[in-house]
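# Structural characterization, general
The lines below spell out each chain.
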Amino acid sequence: MARSCTTMAEVREEIDRVDRLIVPLLAERLEYIKQAGRIKQDRNVVRDNWRIEDVVSKCKATASSLDADEKMVEDIYRFIIEWSINHEFDVWDDIHK
Ligand SMILES: C=C(O[C@@H]1C=C(C(=O)O)C=C[C@H]1O)C(=O)O
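Residues numbered from 1 in each chain as written. Predicted model: local features only at pLDDT ≥ 70, side-chain atom pairs only at ≥ 80, totals over all residues. Heavy atoms only, no water.

Another point: the UniProt feature "domain: Chorismate mutase" (unreviewed entry) in the protein. UniProt records the feature "domain: Chorismate mutase" (unreviewed entry) for residues 2-92 in the present numbering. A distance of 40 Å separates the end C-alpha atoms of residues 2-92, which is 79% helix and 0% strand. (UniProt positions renumbered as here; feature names shortened; annotations may be inferred. Helix = DSSP H or I, 4+ residues; strand = E, 2+ residues; numbered from the N terminus.)

So, about the nonpolar core. Counting 11 residues, the largest nonpolar core is built from Val46, Ile52, Val55, Val56, Cys59, Ala63, Val73, Ile81, Ile85, Phe89 and Trp92. Mapped by element, the contributors of at least two residues to this core are helix 2 (49-65) and helix 3 (70-95). Among residues more than four places away in sequence, those in contact with phenylalanine 89 are Arg43 and Val46. (Core = buried A, V, L, I, M, F, W, Y, C linked by side-chain atoms within 4.5 Å. Buried < 20%, exposed > 50% of the residue type's maximum accessible area, 1.4 Å probe, protein only. Contact = heavy atoms within 4.5 Å.)

Right, let's get into the environment of arginine 43. Position of arginine 43 relative to the elements: it lies in the loop between helix 1 (8-39) and helix 2. Separated by 46 residues in sequence, arginine 43 and phenylalanine 89 place their C-alpha atoms 7.6 Å apart. Other than its neighbours up to four places away in sequence, arginine 43 contacts Phe89, Trp92 and Asp93. At 2.7 Å, the side chain of arginine 43 and the side chain of aspartate 93 are in polar contact. (Polar contact = N/O pair within 3.5 Å; in protein donor to acceptor, adjacent residues only side chain to side chain.)

Rendered as structure tokens:
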């Protein structure tokens, strides 16, 4: 799947290309987090532990199907989800102030 590179310039070109794919997806994901903060009626359900584990297990399954590093994916997703929950709390609090 990844291109075989022979120079660091090529490696960095590919990393920059991949990052230009990842960042818009992170931004789109965050738009849905904002909508969750608008839709949820109760502050107590902003953090849904069942859903956190559901997201992590689905992402690990995707990583596994690609033969990618499941632990890396889990660690990054747990960070993204915690960041998202903090942002969702900010959105919720702003709407209900
Ligand atoms: C978006 C939600 O809110 C939170 C954010 C999640 C995420 O970043 O995927 C998952 C669970 C929630 O604690 C949700 O409940 O689905």
